[in-house]
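Structural description and commentary
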Amino acid sequence: MGKRKRTSTSENPSAGTSTSLLPQKRYYRQRAHANPFSDHALEYPTSPQGVDWDSHYPSFARSGKVPEFADVGCGFGGLLISLAPLFPDTLMLGLEIRVQVSQYVEDRIKALRVAAEPSLPSAHYQNVSIVRANAMKFLPNYFTKHSLSALFFLFPDPHFKSRKHKARIISPTLLAEYAYVLRPGGIVYTITDVKDLHEWMKAHLEAFPLFEPVDEETLRAEGKGPIVDAVYTSTEEGKKVERNKGDKWLACFRRKEVARQ
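Residues numbered from 1 in each chain as written. Predicted model: local features only at pLDDT ≥ 70, side-chain atom pairs only at ≥ 80, totals over all residues. Heavy atoms only, no water.

Notes on the overall build of the protein chain
For the protein chain, the helix and strand inventory stands at nine helices and seven strands. Put simply, the protein chain has 261 residues, and 50% of those count as buried. Sequence separation of at least 24 residues holds for 78% of the intrachain contacts in the protein chain that already meet a minimum separation of 6. Accessible surface computed for the protein chain: about 13200 Å², of which carbon and sulfur atoms make up 50%. (Helix = DSSP H or I, 4+ residues; strand = E, 2+ residues; numbered from the N terminus. Buried < 20%, exposed > 50% of the residue type's maximum accessible area, 1.4 Å probe, protein only. Contact = heavy atoms within 4.5 Å. Areas by Shrake-Rupley, 256 points an atom, 1.4 Å probe, with all protein chains shown as cover.)

As structure tokens, then:
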């Protein structure tokens, strides 16, 4: 576990007077990317029924609720932390393969739960959690069929070399799993600052029969504007692109309804 250093700045935007022991990223150094095909020392459930969600979301214990939002490759947890107060009754799970990064997010959530204003239940961050997992291999071990309403792939590893394209998080084989865990009407959100990767993800999603493109204007009209805004701005990668005045390429897709035969 990484060390923590005291800071007087709370990450709870509504708790201006709160202080907390928030983790410092400099104590959680890690490579920018991990090889998803390597044999990582991972513990994972044999099925979603084997996950103890009560331990992840103690305030929702015995509620029967399961995660509805999944951030695949959640990095330092920026999206989760941004969305948590906006959707206080929606459980969200980040999946991150890197040891130190996933530990940082876990410590961050614990600290934010302690620092949250008692008078603001929506800001208690009880609805977010993290697992260290390889989503390319074990996604169905965590999520049942049609249990998710949103899947996020924000600034994924571009794997520039052609021989590495098989490691990209969007591929025909993996799309079948994403369609399995995503409920009809659910949304896949992708964003990247690499145009080639944007075109790759967009082309594969368009070619898959269970997904259809949905534009940003439609999502905002449906009340998903806060989610779109967070996709653009909440992650460490997104903020870095802004600082460097780079472009961001957004592509979103809706899980199709399939008529029963």
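More follows now that the structure is in view.
Let's talk about the sheet that holds strand E1 (residues 69-72)
Strands belonging to one sheet form pairs held by backbone hydrogen bonds; the direction of such a pair is parallel or antiparallel. The strand order E3-E2-E1-E4-E5-E7-E6 describes an open sheet built from seven strands, whose pairing is mixed. Where the open sheet ends on each side, the last strands, each with one partner, are strand E3 (128-132) and strand E6 (211-213). Strand-to-strand twist across the sheet, computed as the mean angle between neighbouring axes with direction ignored, equals 20 degrees. For E1 and strand E4 (residues 148-154), the ladder comprises three bridges, and the chain directions are parallel. Paired with alanine 70 across the two strands is leucine 151, which belongs to E4. Sheet contacts for helix H5 (residues 172-181): E4, strand E5 (182-192), E6 and strand E7 (249-255); angle to E5, the most-contacted strand, approximately 130 degrees. Against the sheet, helix H6 (residues 195-207) contacts E5, E6 and E7, and its axis sits at roughly 15 degrees relative to E7. (Pairing = 2+ DSSP bridges. Axes fitted to C-alpha atoms, helices over the stretch in contact; angles between N-to-C directions.)

Notes on the packing of aromatic side chains
Taken as a whole, this structure holds eight aromatic pairs when the rule is applied. Ring plane angle 35 degrees and centroid distance 6.1 Å describe the contact between tryptophan 53 and tyrosine 57, whose orientation is recorded as tilted. Residue tyrosine 57 is classed as buried on the basis of its relative accessible area of 1%. Ring centres 5.8 Å apart and planes at 45 degrees place the aromatic pair phenylalanine 208 and phenylalanine 211 in the tilted group. Judged by its relative accessible area of 2%, phenylalanine 211 is buried. Chaining the aromatic ring pairs together yields one cluster made of Phe69, Phe87, Phe152 and Tyr189. The positively charged end of arginine 168 is found above the aromatic ring belonging to tryptophan 200, 4.8 Å away from the centroid. (Phe/Tyr/Trp six-rings, centres within 6.5 Å; stacked < 30°, edge-to-face > 60°. Lys NZ or Arg CZ within 6 Å of the ring centre and 35° of its normal.)

A look at the environment of aspartate 229
On the secondary structure map, aspartate 229 appears in helix H8 (residues 225-233). Separated by 2.7 Å, the side chains of aspartate 229 and arginine 220 make a polar contact. (Polar contact = N/O pair within 3.5 Å; in protein donor to acceptor, adjacent residues only side chain to side chain.)

Thoughts on the side chain of asparagine 141
Within the secondary structure, asparagine 141 is located in the loop between helix H4 (135-138) and E4. Accessibility expressed as a relative area gives 13% for asparagine 141, which makes it buried. Polar contacts involving the side chain of asparagine 141 include one to the main-chain carbonyl oxygen of proline 45, which spans 2.8 Å. Here asparagine 141 is in contact with Tyr44, Pro45, Thr46, Ser47, Pro48 and Val51, once residues within four sequence places are set aside.

Details of the UniProt feature "active site" (unreviewed entry) in the protein chain
According to UniProt, the positions carrying the feature "active site" (unreviewed entry) are Asp157. Among the secondary structure elements, aspartate 157 is positioned in the loop between E4 and H5. Given a relative accessible area of 21%, aspartate 157 falls into the partly exposed group. Within polar-contact distance, the side chain of aspartate 157 engages the backbone nitrogen of histidine 159 at 3.0 Å. (UniProt positions renumbered as here; feature names shortened; annotations may be inferred.)

Details of unusual backbone geometry
Of note, the phi angle at tyrosine 125 is positive, near 55 degrees, even though the residue is not glycine. Even without being a glycine, lysine 245 presents a positive backbone phi close to 55 degrees. Its location among the elements puts lysine 245 in the loop between helix H9 (236-243) and E7. Take lysine 245: its relative accessible area is 75%, and that puts it in the exposed class.

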